[in-house]
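Spelled out from the first residue to the last, the chains are:
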Amino acid sequence: MRIALFEPEIAGNVGAVLRLGACLGVPVDLIEPLGFAWDDARVRRTAMDYIDHVSVTRHRDWDAFQASIGAARLVLLTTKGSVSAYDFAFRADDVLLLGKESAGAPPHVHAACGGRIRLPMREAVRSLNLAMSAGLALGEALRQTGGLPQPG
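Residues numbered from 1 in each chain as written. Predicted model: local features only at pLDDT ≥ 70, side-chain atom pairs only at ≥ 80, totals over all residues. Heavy atoms only, no water.

A.B. asks: Looking at this model, I keep getting lost on the pairing of strand β2 (residues 28-31). Mind explaining?
C.D. replies: Neither face of β2 is exposed, since Val28 and Leu30 on one face and Asp29 and Ile31 on the opposite face are all buried. As paired elements, strand β1 (residues 2-6) and β2 share 4 bridges and run parallel to each other. Residue pairing for β2: Ile3 is matched across the bridge by Val28. For the handedness criterion, the β-α-β arrangement of β1, helix α1 (residues 11-24) and β2 is classed as right-handed. Of the pairings in the sheet, the one linking β2 to strand β3 (residues 56-59) comprises 4 bridges and is parallel in character. In the sheet register, Val28 faces β3, and the bridge partner there is Val56. (Buried < 20%, exposed > 50% of the residue type's maximum accessible area, 1.4 Å probe, protein only. Helix = DSSP H or I, 4+ residues; strand = E, 2+ residues; numbered from the N terminus. Pairing = 2+ DSSP bridges. Right-handed = clockwise from strand over helix to strand, strands pointing away.)

A.B. asks: Looking at this structure, how should I read the environment of Ile10?
C.D. replies: Looking at the element boundaries, Ile10 is found in the loop between β1 and α1. Look at Ile10 and you get partly exposed, because its relative accessible area is 41%. As a C-alpha pair, Ile10 and Ser102 span 92 residues in sequence and 9.6 Å in three-dimensional space. Discounting chain neighbours no more than four positions away, the residues touching Ile10 are Phe36 and Glu101. (Contact = heavy atoms within 4.5 Å.)

A.B. asks: It is not clear to me how the side chain of Glu7 should be interpreted in this structure. Could you clarify?
C.D. replies: Within the secondary structure, Glu7 is located in the loop between β1 and α1. Glu7 gets classed as buried once you look at its relative accessible area, which sits at 18%. Discounting residues that sit within four places of it in the chain, Glu7 has contacts with Ile31, Glu32, Pro33 and Lys100.

A.B. asks: Help me understand unusual backbone geometry in this model?
C.D. replies: For the bond running from Glu32 to Pro33, omega is 10°, close enough to zero to count as cis. Relative to the assigned elements, Pro33 resides in the loop between β2 and α2 (41-47). Positive phi is not limited to glycine here, since Glu7 has a value of about 45°.

A.B. asks: What is the right way to look at the side chain of His59 in this model?
C.D. replies: Within the secondary structure, His59 is located in strand β3. For His59, the residues in contact, after removing those within four places along its chain, are Asp29, Leu30, Ile31, Glu32, Ala64, Phe65 and Ser68.

A.B. asks: Hey, could you run me through the pattern of salt bridges in this one?
C.D. replies: Side-chain pairs of opposite charge can arise where the charged atoms are in close proximity. Counted according to the given criterion, the structure contains 7 salt bridges. Of the charged contacts, one joins Arg2 and Asp29 as a salt bridge, the two residues approaching to 2.6 Å between their closest N and O atoms. With Arg2 in strand β1 and Asp29 in strand β2, this pair connects stretches of sequence that are 27 residues apart. Owing to a relative accessible area of 2%, Asp29 belongs among the buried residues under this scheme. Three or more residues are tied together by salt bridges with common partners; here these are Arg73, Arg91, Asp93 and Asp94. (Salt bridge = Lys/Arg side-chain N within 4 Å of Asp/Glu carboxyl O.)

So, in structure tokens, the structure goes:
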């Protein structure tokens, strides 16, 4: 299982996702361009010292990312998804993909995904924070596939 962020724009969100990846033992892929400088202090401040415990791969663009994942299935979290993350059958080698904060994922990214899921929420609101969405979906995916870390 992996988490991939398509052209993320907010350093704090990336830091929070890196911390999530560190805590749950899941690598994180960042698909450039990023909306901030990689050395932005906000990334390290949000990720804290957890950044040293997560595998991070930066990809120069969408094509480079796609070339790196082989046969893994891309599962896009999107408000346009027709299947709830809690009704979707995850696989252990899935890559959970989240679009950019301001615009989501463009049509060519949607088309490349083998699954498009949504997180259930009240109709009066649009969406959750990117890092919160990643945490909810990743938790369910790892629960289904037996990949949650065991308390030590």
